[in-house]
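Each chain, letter by letter, is given below.
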Amino acid sequence: MSSATLIEKCCLIACPVAGNPTHYMVEQAFAQQGLDWRFMTFEVPAGRFGDAMRGIRALGFRGVKIAEPHQEAVLEFLDELSDGAKLGRSVNCVTCREDRLVGQNTEGAALVKLVRDWVDPTGKQAVVLGAGRLARVLAMALAAAGVTSITVACRSSGAGGRLVDAIQSGTSTSASQHVLGNTPLSINSDVSILVNATSLGMTDPNAPLPLNVASLHSKLVVAEVAYHSQRTWLTREAFNQGCRVIDGVQLYVEQTALAMRAWTGTEPDRVAMREAAEEYLGI
Ligand SMILES: NC(=O)c1ccc[n+]([C@@H]2O[C@H](COP(=O)([O-])OP(=O)(O)OC[C@H]3O[C@@H](n4cnc5c(N)ncnc54)[C@H](OP(=O)(O)O)[C@@H]3O)[C@@H](O)[C@H]2O)c1
């Protein structure tokens, strides 16, 4: 901060912003930490995003959370990228350090941190469902954390093939593709991590995935990205099978907490943040 009279400020940039719990969670966490910081939310369409980022620089924001649809577009406005952001080609957290805008991806970092609560990913096998932006971020983060092989299971062989190529060319992890179809996918007993990075749980939390539920074994860590409900079809089935479950709210809280830590240098209270997220989302 350049003047003692200025209050530190951070913000969210997204479009649309409706239904995004970030603002409420961050404000609750600032208050709980006794930080006299401000948080703002800006709905910025893709065509005005460059103007918004120039404004961030000029107005001296300390941190920015970047959400849909800007996580890839933001790359060209930054001075520095973390390794995770480079690998996943996606930034969800910008921190201003000595007038330089530094981009990182806390979604991948959050997944790896939460997986490590259950199992060391080094040398393990993983299955990632989906081949969209978040699937790429999470698969790359698992690869960077030492997972030896990743199966990308998705509907579109084109998107799946591109993700497999990206994993194999950008990391030392081997990758293969499974096209999700009518035959349910069985999860092998030597797979340790299963991540649902499709948007299915967000659009319909009760919609089943084409998975053989009986193959979800008790040593499997199952992570879900959908955060509009505590239980999706996958997390419910995984609990019933005795798996170690990371739900989408937990992932959202952790990635937001890691962003706040990058901005403030302090560790926010995840329990307070989860309560705020649940209150905001009405779950
Ligand atoms: N918890 C968190 O921290 C967090 C953070 C960010 C985003 N999210 C959520 O994560 C989800 C994915 O985000 P994204 O940015 O990766 O979106 P995206 O780029 O649009 O990718 C969505 C993926 O889901 C697949 N999909 C959609 N419906 C499907 C179905 N019925 N069966 C199988 N696959 C299906 C898509 O496959 P096709 O290409 O075949 O359509 C695509 O691979 C969104 O719901 C988003 O809200 C969660």
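Our structure is the block above this text.
Attention here is on the structure that accompanies the text. All of these numbers come straight from a predicted model, not from anything done at the bench.

## Some words on the pattern of salt bridges
Taken as a whole and assessed by the stated rule, the structure comprises 15 salt bridges. Here Arg-136 makes a salt bridge to Glu-72, at a shortest N to O gap of 3.3 Å. Residue Arg-136 is found in helix 5 (residues 133-144), and its partner Glu-72 is found in the loop between strand 3 (63-66) and strand 4 (80-81); the two are separated by 64 residues along the sequence. For Arg-261, the salt bridge identified is with Glu-267, shortest N-O distance 3.2 Å. Bridged by salt links that share partners, the residues Lys-113, Glu-254, Arg-261, Glu-267 and Arg-270 form one connected network.

## What about the sheet that holds strand 10 (residues 191-196)?
Strand order in the open sheet formed by six strands is 9-8-7-10-11-12, with parallel pairing between adjacent strands. This sheet does not close on itself; its edge strands, each paired only once, are strand 9 (174-179) and strand 12 (244-246). For this sheet, the mean inter-axis angle between neighbouring strands, taken without regard to orientation, is 15°.

## Focus on the packing of helix 5 against helix 6 (residues 157-170)
At a minimum axis distance of 10 Å, the contact between helix 5 and helix 6 shows a crossing angle of 30°. Compared by their axis directions, helix 5 and helix 6 come out roughly parallel. Regarding helix 5 and helix 6, the two cross each other, and that crossing is right-handed. Packed against helix 5, whose contacting residues are Ala-135, Arg-136, Ala-139 and Met-140, the element helix 6 presents Leu-163, Ala-166 and Ile-167 at the interface. In terms of residue class, the contact of helix 5 with helix 6 is built from six nonpolar, no polar and one charged.

## A short note on the site of the ligand
Residues in close proximity to the ligand total 19 residues, the closest being Ala-131, Leu-134, Arg-155, Val-225 and Gln-255. A distance of 2.8 Å is found between a nitrogen atom of the ligand and a backbone nitrogen or oxygen belonging to Val-225. Here a nitrogen atom of the ligand sits 3.3 Å away from a polar atom, N or O, in the main chain of Gly-248. Protein chains bury 75% of the 940 Å² of accessible surface belonging to the ligand in isolation. If you map the ligand onto the pockets, it falls in the largest pocket. Of all the secondary structure elements, the ones that give two or more residues to the shell around the ligand are helix 5, helix 7 (200-203) and helix 9 (248-264).

## Thoughts on the side chain of His-70
Considering the arrangement of structural elements, one finds His-70 in the loop between strand 3 and strand 4. With a relative accessible area of 1%, His-70 lands in the buried category. Polar contacts involving the side chain of His-70 include one to the main-chain carbonyl oxygen of Val-44, which spans 2.7 Å. If sequence neighbours within four positions are ignored, His-70 has contacts with Ile-13, Ala-14, Cys-15, Val-44, Pro-45, Ala-46 and Phe-49.

## Regarding the sheet that holds strand 4
Across the sheet, six strands lie side by side as 2-1-3-5-6-4; this open sheet has mixed pairing. Because the sheet does not close on itself, it has two edges, and the strands there are strand 2 (38-43) and strand 4. As judged from the five bridges shared by strand 5 (residues 93-97) and strand 6 (residues 100-104), these two strands associate in the antiparallel manner. Looking at strand 6, one finds that Arg-97 is bridged to Arg-100. Across the sheet, helix 2 (residues 49-59) is in contact with strand 1 (9-14), strand 3 and strand 6; its angle to strand 1 comes to roughly 175°.

## Observations concerning unusual backbone geometry
Across the junction of Cys-15 and Pro-16, the peptide omega takes the value 5°, indicating a cis bond. Cis rather than trans, the peptide bond between Glu-68 and Pro-69 has omega equal to 0°. If you trace the backbone, Pro-69 turns up in the loop between strand 3 and strand 4. Although it is not a glycine, Arg-89 sits at a positive phi angle of roughly 50°. Topologically, Arg-89 is positioned in the loop between helix 3 (83-88) and strand 5. When its relative accessible area of 43% is taken as the criterion, Arg-89 is described as partly exposed. Even without being a glycine, Asp-99 presents a positive backbone phi close to 70°. Of the residues examined, Asp-99 reaches a relative accessible area of 59% and is grouped as exposed.

Calculation criteria
Residues numbered from 1 in each chain as written. Predicted model: local features only at pLDDT ≥ 70, side-chain atom pairs only at ≥ 80, totals over all residues. Heavy atoms only, no water. Salt bridge = Lys/Arg side-chain N within 4 Å of Asp/Glu carboxyl O. Helix = DSSP H or I, 4+ residues; strand = E, 2+ residues; numbered from the N terminus. Pairing = 2+ DSSP bridges. Axes fitted to C-alpha atoms, helices over the stretch in contact; angles between N-to-C directions. Parallel < 35°, antiparallel > 145°, perpendicular 65-115°, else oblique. Left-handed = near helix turned anticlockwise from the far one by under 90°. Contact = heavy atoms within 4.5 Å. Nonpolar A, V, L, I, M, F, W, Y, C, P; charged D, E, K, R; others polar. Near = heavy atom within 4 Å. Polar contact = N/O pair within 3.5 Å; in protein donor to acceptor, adjacent residues only side chain to side chain. Areas by Shrake-Rupley, 256 points an atom, 1.4 Å probe, with all protein chains shown as cover. 1 Å grid on protein atoms, 1.4 Å probe; cavity = no way out; pocket = protein on both sides within 12 Å on 5 of 7 lines; lining within 4 Å. Sits in = over half its atoms within 2 Å of the grid points. Buried < 20%, exposed > 50% of the residue type's maximum accessible area, 1.4 Å probe, protein only.

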